[in-house]
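Remarks on the overall topology
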Amino acid sequence: MGNKSISNFINKLPKAELHLHIEGTFEPGLMFKIAQRNGIKIKYNSVEELKKVYNFSKLQEFLDIYYAGAEVLIYEQDFYDLTWAYLLKAKEQNIVHTEIFFDPQTHTHRGIKFSTVINGIKKALDTGKEKLGITSEIIVCFLRHLDEVDAIKTFHQILPYKKWIVGVGLDSSEVGHPPAKFQKVFEMVRKEGFLTVAHAGEEGPAEYVWDALRLLKVSRVDHGIRSVEDEKLLDELATTKIPLTVCPLSNLKLQVVKNMKDLPLRTLLQKGILASINSDDPAYFGGYLNENYLAVAEALKLTKQEIAQLAENSFKASFLDEEVKTRWIKKVDSYYEKIIQVK
Ligand code: ADE
Ligand code: ZN
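In what follows, the accompanying structure is described. The shown structure was predicted, so the numbers you read here are calculated from the model rather than taken from an experiment. (Residues numbered from 1 in each chain as written. Chains lettered and ligands numbered in written order. Predicted model: local features only at pLDDT ≥ 70, side-chain atom pairs only at ≥ 80, totals over all residues. Heavy atoms only, no water.)

**Comments concerning empty space enclosed by the protein**
- For the structure shown, the criterion picks out one cavity of 30 Å³ or more.
- Counted as a void, the largest cavity has a volume near 110 Å³.
- As for the largest cavity, its lining consists of 16 residues, and the residues nearest its centre are His21, Leu59, Phe62, Leu63 and His199.
- Taken together, the residues of the lining of the largest cavity sort by class into seven nonpolar, four polar and five charged. (1 Å grid on protein atoms, 1.4 Å probe; cavity = no way out; pocket = protein on both sides within 12 Å on 5 of 7 lines; lining within 4 Å. Points joined across faces, edges and corners; volume = space filled by probe spheres on them. Nonpolar A, V, L, I, M, F, W, Y, C, P; charged D, E, K, R; others polar.)

Here it is as structure tokens:
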């Protein structure tokens, strides 16, 4: 079974993406183009020079560069172009549904209006549905290195856009900023009917995953791979079916795992945990969704059945209606059956 066969299998597999920061899809080429039209000087002279700094030893090193990159985004058109470029890539990779994150505070702290950001993103997503047939949801994330008061301010900004936003998440520097710091604002968020998710157990300990479940009452945990350090937590995730959105290339590039072989994905699947594959910040980590599938498939020698399981999980863990979920899961199944018969 060659790599080509696996790669073909992955490419044509219908998939959902559930953990993607739209600011993390900002390709250097587009960054230079937008910087130029906005009259902003980037401190690197070329795309090649910029790419050379995409070498990270931990999350914070990446975040510093990622927030700097986002500073060239000023106008609604910029957010539209950013989102549209991702959607074209998603189409190419057979991503049929995507639930994207954005970080309002990264922009509002620079004087960009919340409405500018969300209008640009939403218009592109609507066009994506109409022209590319890709369905989508928006999840707004609070930056956990900022305080809860700032998150509450952001919460008030999102309220008028409630009908466009399915949920609220928590991202940025994890260690030292536990879920407990945002317990109050997450309660306000849930009371307004938003679903909640949170990054936990990426660099932070399994305890943060427990806290995301118990204190923030999340519907999904983003990353969560350090849950494997706690058997009881694995049992909890398996019985409650709270999904984990795993991001293999991200974990490798940020040195959360030393080697792709160390990614505990098979353990999670064998425990019956709803783990899916996602790209996190593909412009910075060397690959979009299919490259993430392929990297783990190769490292862990996943079978086509396991790969299909991961795609099924992506739909099961999504915020799609049950009926639509079932339809996509059947499509994954019949695609798998067809390929197996040909073999
Ligand atoms: N923001 C963008 N990518 C992130 C990640 N991998 N962890 C935490 N915050 C992020
Ligand atoms: Zn993330």
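**Brief notes about the coordination of the zinc ion (ligand 2)**
- Every protein donor of the zinc ion (ligand 2) is listed here as His19 (NE2), His21 (NE2), His199 (NE2) and Asp280 (OD), and their distances to the metal cover 2.0 to 2.2 Å.
- Its four donor atoms give the zinc ion (ligand 2) angles of 84 to 174° at the centre, a pattern that matches the irregular case.
- For the zinc ion (ligand 2), all donor residues lie on one chain, and their spacing in sequence is H-x1-H-x177-H-x80-D. Note that His199 is positioned in strand β5 (residues 195-200) and Asp280 in the loop between β8 (275-277) and α14 (282-285), a separation of 81 residues in sequence. Asp280 carries the same exposure label as His199, and that label is buried. (Donors = N, O, S within 2.8 Å, 3.2 Å for Na, K, Ca; no water. Tetrahedral: all angles 85-135°; square planar, octahedral: opposite > 155°, others 65-115°. Helix = DSSP H or I, 4+ residues; strand = E, 2+ residues; numbered from the N terminus. Buried < 20%, exposed > 50% of the residue type's maximum accessible area, 1.4 Å probe, protein only.)

**Some details on the packing of aromatic side chains**
- Counting across every chain of the model gives 17 aromatic pairs.
- Between Phe56 and Phe285 the ring centres are 6.4 Å apart and the planes differ by 85°, which places this aromatic pair in the edge-to-face class. Pair noted here: Phe56 is in the loop between α3 (47-52) and α4 (59-70) and Phe285 is in helix α14, with a separation of 229 residues, a long-range link.
- On the basis of relative accessibility, which here comes to 5%, the residue Phe56 falls in the buried class.
- Phe285 sits in the buried class, given a relative accessible area of 0%.
- Centre to centre, the rings of Phe102 and Phe114 are 5.8 Å apart; their planes meet at 40°, and the pair counts as tilted. Placement of Phe102 in strand β2 (residues 95-102) and of Phe114 in helix α7 (residues 114-132) is noted, with a sequence separation of twelve residues between them.
- On the basis of relative accessible area, Phe102 is assigned to the buried category, the value being 0%. (Phe/Tyr/Trp six-rings, centres within 6.5 Å; stacked < 30°, edge-to-face > 60°.)

**Focus on the pairing of strand β1 (residues 15-21)**
- Counting buried positions over the seven residues of β1 gives seven, a clear majority of the element.
- As paired elements, β1 and β2 share five bridges and run parallel to each other. Bridging across to β2, Leu20 finds its partner in Ile100. (Pairing = 2+ DSSP bridges.)

**Let's talk about the nonpolar core**
- Core analysis: the largest hydrophobic core is formed by 119 residues, its most contacted members being Leu265 and Tyr284.
- Here Tyr284 is in contact with Glu23, Gly24, Phe26, Met31, Tyr54, Phe56, Phe62, Ile65, Tyr66 and Gly69, once residues within four sequence places are set aside.
- With six residues, the next largest nonpolar core counts Phe101, Ile139, Cys141 and Val166 among its residues. (Core = buried A, V, L, I, M, F, W, Y, C linked by side-chain atoms within 4.5 Å. Contact = heavy atoms within 4.5 Å.)

**Describing the site of ligand 1**
- Taken together, the residues surrounding ligand 1 are His21, Leu59, Phe62, Leu63, Tyr66, Asp171, Ser172, His199, Glu202, His223, Asp280 and Asp281.
- One nitrogen or oxygen atom from the side chain of His21 is found 3.4 Å from a nitrogen atom belonging to ligand 1.
- Measuring from a nitrogen atom of ligand 1, one finds a backbone N or O atom of Ser172 at 2.8 Å.
- In isolation ligand 1 exposes 260 Å². Once the protein is present, 100% of that is buried.
- A majority-of-atoms criterion places ligand 1 in the largest cavity.
- Per element, the largest residue contribution to the shell around ligand 1 is four residues, and it comes from α4.
- Here the residues of the shell around ligand 1 are counted per class, giving four nonpolar, four polar and four charged. (Near = heavy atom within 4 Å. Polar contact = N/O pair within 3.5 Å; in protein donor to acceptor, adjacent residues only side chain to side chain. Areas by Shrake-Rupley, 256 points an atom, 1.4 Å probe, with all protein chains shown as cover. Sits in = over half its atoms within 2 Å of the grid points.)

**Focus on helix α9 (residues 183-191)**
- Taken together, the buried positions of α9 are occupied by Val185, Phe186 and Val189. Buried residues along α9 cover an arc of 100° about the axis, so they all sit on one side. Pointing more than 90 degrees away from the buried face of α9 are the exposed residues Lys184 and Lys191.
- A positive phi of about 90° marks Gly193, the residue just after α9. (Arc of directions from axis to C-beta.)

**What about the sheet that holds strand β3 (residues 135-143)?**
- As summarised here, the arrangement of the eight strands in space is β1-β2-β3-β4-β5-β6-β7-β8, forming an open sheet in which the pairing is parallel. Each edge of the open sheet carries a strand with a single partner, namely β1 and β8. If you compare each strand with its neighbour and ignore which way they point, the axes differ by 25° on average.
- Looking at chain direction, strand β7 (residues 244-246) and β8 are connected through three bridges and run parallel. Looking at β8, one finds that Leu244 is bridged to Ala275.
- Against the sheet, helix α10 (residues 206-214) makes contact with β5 and β6 (220-223), and its axis sits at roughly 170° relative to β5, the strand it touches most. (Axes fitted to C-alpha atoms, helices over the stretch in contact; angles between N-to-C directions.)

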